[in-house]
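Next come the chains, spelled out residue by residue.
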Amino acid sequence: MTRATWLLVLAGVLALGCSNACSLDDDLQLFAGDAALDCGTAADDRAKVDACVSGAFDDGTAFIARYQQQGDDSRLITAVAMNTAGTVKVFRWDSSPCGGGSCSPVTDAQTCETPSLATMTSDDENALPIECKSLGLAQRTCG
């Protein structure tokens, strides 16, 4: 391999590894599948998103739902998704984990062990409509 070809290959690999386009939706879609029901994003009124998740979970339908929050210095989204195999994962996206916008977004995912429907989630801004007996180890999916 010539030196010029090697440098082009190296530059391409570095560009892929240094991408700051950390898309939560891409990670959710990859996990849940193209046919997953998108229950939307809850910012203020969670009741509609929670009802969608509850119905999909009861029916065994793959779904995606996002719950948006404003952190002290970044935007935060916690998402819950189920794939066609019935596996549920919780995703946490942070627009600037180092604070102040000087770093790229990250997404971490955890498998929800023994998922079940939660009760009274619409009144608690931090609760998800799916409860987990425990969460698996956090895996960095992006960032």
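From a predicted model like this one, the values you see are computed outputs, not experimental measurements. (Residues numbered from 1 in each chain as written. Predicted model: local features only at pLDDT ≥ 70, side-chain atom pairs only at ≥ 80, totals over all residues. Heavy atoms only, no water.)

Student: Looking at this structure, how should I read the overall build of the chain?
Tutor: Secondary structure summary: the chain contains three helices and nine strands in total. Walking the chain from its N terminus toward its C terminus, one meets helices and strands in the order α-α-β-α-β-β-β-β-β-β-β-β. The buried share among the 143 residues of the chain stands at 36%. Put simply, of all contacts in the chain between residues at least 6 apart along the chain, 50% involve residues at least 24 apart. Of the roughly 8,400 Å² of accessible surface on the chain, 52% is carried by carbon and sulfur atoms. (Helix = DSSP H or I, 4+ residues; strand = E, 2+ residues; numbered from the N terminus. Buried < 20%, exposed > 50% of the residue type's maximum accessible area, 1.4 Å probe, protein only. Contact = heavy atoms within 4.5 Å. Areas by Shrake-Rupley, 256 points an atom, 1.4 Å probe, with all protein chains shown as cover.)

Student: Honestly, the pattern of salt bridges in this entry has me stumped. Any pointers?
Tutor: Close approach of charged atoms allows side chains of opposite charge to pair. Counted by the stated rule, this structure contains four salt bridges. With a closest N to O distance of 3.7 Å, R46 and D50 form a salt bridge. The two residues R46 and D50 agree in class, both being buried. Across the pair R140 and D108 runs a salt bridge, and its minimum N-O distance is 2.6 Å. In this pair, R140 sits in strand β9 (residues 139-142) while D108 sits in strand β5 (residues 106-113), placing the two residues 32 residues apart along the sequence. (Salt bridge = Lys/Arg side-chain N within 4 Å of Asp/Glu carboxyl O.)

Student: How should the nonpolar core be read in this particular structure?
Tutor: Generally speaking, a soluble globular protein has its nonpolar side chains buried in company with each other. Ranked by size, the top nonpolar core spans 16 residues in total, and within it V53, F63, A65, Y67, V80, V88 and I130 carry the most contacts. When contributions to this core are tallied by element, the ones reaching two or more residues are β1 (37-42), α3 (47-59), β2 (63-70), β3 (75-82) and β4 (88-94). The element that contributes the greatest number of residues to this core is α3, accounting for four residues. Residues contacting V88, with those up to four places away along its chain left out, are F31, F57, V80, A81, M82, Q110, T111, C112, P115 and I130. (Core = buried A, V, L, I, M, F, W, Y, C linked by side-chain atoms within 4.5 Å.)

Student: Sorry, what's going on with the environment of D34 here?
Tutor: Residue position: D34 is located in the loop between α2 (24-32) and β1. Assessed through its relative accessible area of 74%, D34 is described here as exposed. When the C-alpha positions of D34 and A62 are compared, they lie 9.4 Å apart, and in sequence the two are 28 residues distant.

Student: Before we go on, may I ask you to explain the environment of T78 in this structure?
Tutor: Considering the arrangement of structural elements, one finds T78 in strand β3. Those residues in contact with T78, other than ones at most four positions away along the chain, are A65, R66, Y67, Q69, V90, F91, R92 and L128.

Student: Would you explain α2 in this entry?
Tutor: Count 3.6 residues to each turn of an α-helix, and residues three or four apart come out pointing the same way. Among the residues of α2, L24, D27, L28, F31 and A32 are the ones counted as buried. The arc that holds the buried residues of α2, viewed along the axis, is 115°, so those residues lie on one side. Away from the buried face of α2 by more than 90 degrees, exposed residues D26 and L30 are located. (Arc of directions from axis to C-beta.)

Student: Whenever I open this one, the pairing of β2 confuses me. Can you help?
Tutor: Side chains on a regular strand alternate between the two faces of the sheet. When β1 meets β2, the two strands line up parallel, connected through four bridges. From the neighbouring strand, T41 faces β2, where its bridge partner is R66. You can see the chain leave β1, run along α3 and come back into β2, and the turn it takes is right-handed. As paired elements, β2 and β3 share eight bridges and run antiparallel to each other. Looking at β3, one finds that Q68 is bridged to I77. (Pairing = 2+ DSSP bridges. Right-handed = clockwise from strand over helix to strand, strands pointing away.)

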